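Structural overview for review
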Amino acid sequence: MNPFWSTLVHNLSPYVPGEQPKMPDLVKLNTNENPYPPSARAVDAMREELGSDGASLRLYPDPNADRLRGAIVNHFADQALTPAQVFVGNGSDEVLAHAFMALLKHDAPILLPDISYSFYPVYCGLYGVDHITVPLNERFEICVDDFRQGNGGIVIANPNAPTGHLLRLAEIERLVAAHPTSVVVVDEAYIDFSEQVVPTAIALINRYPNLLVIRTLSKSHSLAGLRVGYAVGNAALIDALERVKNSFNSYPLDRLAIVGATAALGDKPHLEQTRQAVMQSRASLTDALERLGFDVLPSAANFIFTRHPQHDAAQLATELRQRKVIVRHFKLPRIDQHLRITVGTDTQCQLLVDALREILG
Ligand SMILES: *Cc1c(COP(=O)(O)O)cnc(C)c1O
C-alpha cells in the first residue's frame, strides 16, 4: 500500500496494450495497425503546417478543431450531419473515456458483451460505472435480444473485437430502438474493413437521439500514431462530451493531428485502395490458415480470430514469437484457445503462414 496513492489508483486494473517492441524486422501482427502508409495528402498537409521552422507550433491549436469536424461532416456527405453532431478527441480511446464519464455513469449498470474490447471494463473501473456482461452466442456473435431493459447504457464494438463479427445495420437499429432511455455506444473502429457498402450506424443518428457512434483514424486511415478519434451523435450527446473535454483538456488534438486528419479524411481514393488491399489479404490469409487446419471466424475487420483444434493458442503465440512473428493472445475465459492476427501485407501474411507451417510440422 503506497501512502501516496489514492484508493482509486490502488484499485485500478489498467488496460494492457499490445506490445510495441523495439526489435527491427519483426512481423508485427498484434495491434491491428494498418500495414500500408497513410495518405500522402495527410503527410504533405502536416509538413506544410510545420513549415521550415515550426513556427506554427508556438500557438495553441483550435480547441474545437473546426476544420476537422467540417471534414468529418463532408466525409459522410450522404448523412446530412452538422458540426454540432461531431466530437473529436485524442484517439477514440479518449472519446470513449469521455463517453463513459459523460453519458454512461448512471445508477443502473451498463451492459457490455462478455467478449469485446477489453478497455470498456477498464473505463468502468476508472469512472465507477457498474457493468453487467452479456454473453455472445456460441458462434461468438452479439445477440441484440439478450440486452435487457433497465440498463444504464450499452457499449458494443461493431465489428466486434476481437471476434471480427459484424452486426447488420438493421440489428443495430433494433438495439437502439429497444433502449430509448439508454445511450447506446457503437464503436466502429473497424467498420471500414467491412465488405458491405453502408453498414455504419451513423445512418441512424438523425432518427435516434440515444445513439453515439465512435470512430478512429487509427486503423483504416493508417494513423494510429497521430491519435485521432471522433464521435457522431445527437447534438445533446456531443454537448455532454464537450463539457467533459473542457473540464479535462481543452486542446486534445494538436495542430499536426488536426491538419493531417482533415487531409486524410478528404482522400477517399487512398482509403478505398488500402481497404481493398486489406480485404483481399484477409481472404487469402483465411484460406491459407484453413488449409493448415485452423478454424477461422468470418471477419469484417482488419484482423482474424482463429484457433487450431490440436494446438494450444498460447504455445503457438510463443513459438511464433521465436520466429519473429507477433500475434495477440488473450488469457481470458472462452477465448484463451484463440489467436487474434492482424491482416498485414501479403508478404507479412506469407511469413506468418510459413512460420505456422514449420511449427505445426
Ligand atoms: C483500436 C481500437 C480503439 C482505439 O482506437 P484509438 O483511436 O487508436 O484510440 C477503439 N476501439 C476498438 C474496438 C479498437 O480496436
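Along every chain, residues carry numbers that run from 1 in the direction the sequence is written. Selection of residues for local features in this predicted model requires a pLDDT of at least 70, selection of side-chain atom pairs for listing and counting requires 80 or more, and totals for whole chains, interfaces and linings are taken over all residues. Hydrogens are left out, water is left out, and the side-chain values use all remaining heavy atoms of the structure.

A word on the pattern of salt bridges
For salt bridges, the criterion is a side-chain nitrogen of Lys or Arg within 4 Å of an Asp or Glu carboxyl oxygen. Taken as a whole and assessed by the stated rule, the structure comprises 19 salt bridges. With its nearest N and O atoms 3.5 Å apart, the salt bridge here joins Asp354 to Arg357. Residue Asp354 and its partner Arg357 are both found in helix H11 (residues 346-360); the two are separated by 3 residues, about one turn of the helix. Within this structure, Glu138, Arg139 and Glu141 form a network of salt bridges that share partners. Runs of E in the DSSP output that reach at least two residues are strands. Runs of H or I that reach at least four are helices, and both are numbered from the N terminus.

Let's talk about the site of the ligand
Any residue with a non-hydrogen atom lying within 4 Å of a molecule or strand is treated as near it. In the vicinity of the ligand, the residues found are Gly91, Ser92, Asp93, Tyr117, Asp187, Ala189, Tyr190, Thr216, Ser218, Lys219 and Arg227. The side chain of Tyr190 places a nitrogen or oxygen atom 2.5 Å from an oxygen atom of the ligand. Shrake-Rupley sampling with a 1.4 Å probe provides the accessible areas, and residues are treated as covered by the protein chains on show and by no other component. In the complex, the protein chains occlude 93% of the 390 Å² of accessible area that the ligand would expose alone. The element contributing the most residues to the shell around the ligand is helix H4 (residues 91-104), with 3 residues. Within the shell around the ligand, the residues separate by chemical class into 3 nonpolar, 4 polar and 4 charged. Polar contact criterion, stated in full: a pair of N or O atoms within 3.5 Å, where within protein one must be able to donate a hydrogen and the other to accept it, and residues adjacent in sequence count only if both atoms are side-chain atoms. Amino acid classes used here: Ala, Val, Leu, Ile, Met, Phe, Trp, Tyr, Cys and Pro are nonpolar; Asp, Glu, Lys and Arg are charged; the rest, including Gly, are polar.

Some words on the domain arrangement of the protein
Structurally, the protein comprises domain 1 (7-38 + 269-360) and domain 2 (40-267). Boundary definitions for the domains trace back to an automatic or database domain assignment. Its C-alpha centre places domain 1 at a distance of 24 Å from the equivalent point of domain 2. Counting residues at the interface gives 33 residues for domain 1, matched by 38 residues for domain 2. Two parts placed together each lose some accessible area under a 1.4 Å probe, and the buried area is that loss summed for both. Broken down residue by residue, the surface that domain 1 buries against domain 2 is led by Tyr15, Pro38 and Arg334, which jointly contribute 25%. On inspection of domain 1 and its partner domain 2, the count reaches 2 salt bridges. We note a salt bridge from Glu195 to Arg282, for which the minimum N-O separation is 3.4 Å. Here, two residues are considered to be in contact whenever any of their heavy atoms come within 4.5 Å of each other.

So, the packing of helix H10 (residues 313-322) against H11
The N-to-C vectors of H10 and H11 enclose an angle of 115°; their axes lie 10 Å apart at closest approach. Crossing hand, H10 versus H11: right-handed. Contact with H10, carried on its side by Leu316, Glu319 and Leu320, involves Leu352, Ala355, Leu356, Ile359 and Leu360 of H11 and no other residues of that element. Grouping the constituent residues of the contact of H10 with H11 by class yields 7 nonpolar, no polar and 1 charged. Fitted lines through C-alpha atoms serve as axes, helices being fitted only where they are in contact, and the angles separating the N-to-C directions of these axes extend from 0 to 180 degrees. Left-handed is the label given to a crossing in which the near helix is rotated counterclockwise from the far helix by less than a right angle, and right-handed is the label when the rotation is clockwise.

Re a nonpolar patch on the surface
Residues with no salt bridge and a relative accessible area higher than 30% make up the patches, which join like charges within 9 Å and nonpolar side chains (Val, Leu, Ile, Met, Phe, Trp, Tyr) within 5 Å. Nonpolar side chains collect at one region of the surface, where Phe4, Trp5 and Val9 lie side by side and expose about 380 Å² of accessible area between them. The classification of residues rests on relative accessible area computed with a 1.4 Å probe and restricted to protein chains. Under 20% of the type maximum is buried, over 50% is exposed, and intermediate values are partly exposed. Given a relative accessible area of 47%, Trp5 falls into the partly exposed group.

Some details on the packing of aromatic side chains
Here a Phe, Tyr or Trp ring, Trp counted by its six-membered ring, pairs with any other such ring whose centre lies within 6.5 Å, and the pair is stacked when the planes are under 30 degrees apart, edge-to-face when over 60, and tilted otherwise. Tallied over the full model, the rule gives 10 aromatic pairs. Through successive ring pairs, a cluster of aromatic residues spans Tyr15, Phe100, Tyr117, Phe119, Tyr120 and Tyr123. As a reminder, the over-ring test applies to NZ of lysine and CZ of arginine, requiring each to be within 6 Å of the ring centre and within 35 degrees of the ring normal. The positively charged end of Arg340 is found above the aromatic ring belonging to Phe303, 5.9 Å away from the centroid.

Examining the UniProt feature "modified residue: N6-(pyridoxal phosphate)lysine" (unreviewed entry) in the protein
UniProt positions are given in the numbering used here, feature names are shortened, and annotations may be inferred rather than shown by experiment. Within this structure's numbering, the places UniProt gives as "modified residue: N6-(pyridoxal phosphate)lysine" (unreviewed entry) are Lys219. For Lys219, the location among the structural elements is in the loop between strand E7 (211-216) and strand E8 (229-233). Filtering out sequence-adjacent residues up to four positions away, Lys219 remains in contact with Thr31, Asn32, Asn34, Ala189, Tyr190, Phe193 and Asn302.

Section: the packing of helix H3 (residues 66-75) against helix H8 (residues 255-266)
Two elements in contact, H3 and H8, have axes whose closest approach is 9 Å; the angle formed by their N-to-C orientations is 15°. In this view, H3 runs roughly parallel relative to H8, as classed from their interaxial angle. Along this stretch, H3 crosses H8, giving a crossing that reads as left-handed. Contact residues: H3 offers Arg67, Leu68, Ala71, Ile72 and His75, while H8 offers Ile258, Val259, Ala261, Thr262 and Leu265. Each angle gets one of four labels, with under 35 degrees taken as roughly parallel, over 145 as roughly antiparallel, 65 to 115 as roughly perpendicular, and the rest as oblique.

A closer look at the pairing of strand E5 (residues 154-157)
Side chains of E5 alternate between two faces, with Ile154 and Ile156 and Val155 and Ala157 buried alike. We call two strands paired when DSSP finds no fewer than two bridges between them. Relative to strand E6 (residues 184-187), E5 is paired through 4 bridges, and the arrangement is parallel. Residue pairing in the sheet places Ile154 in a bridge with Val184 of E6. With strands facing away from the observer, any crossover in which the path from the first strand over the helix to the second runs clockwise is taken as right-handed. In this region the chain leaves E5, passes through helix H6 (residues 169-178) and returns to the parallel neighbour E6; the handedness of that crossover is right-handed.

Notes on the pairing of E6
What you see with E6 is no split at all: Val184 and Val186 on one side and Val185 and Asp187 on the other are buried throughout. The pairing of E6 with E7 spans 4 bridges and is parallel. The residue bridging Asp187 from the neighbouring strand is Ile214, located in E7.

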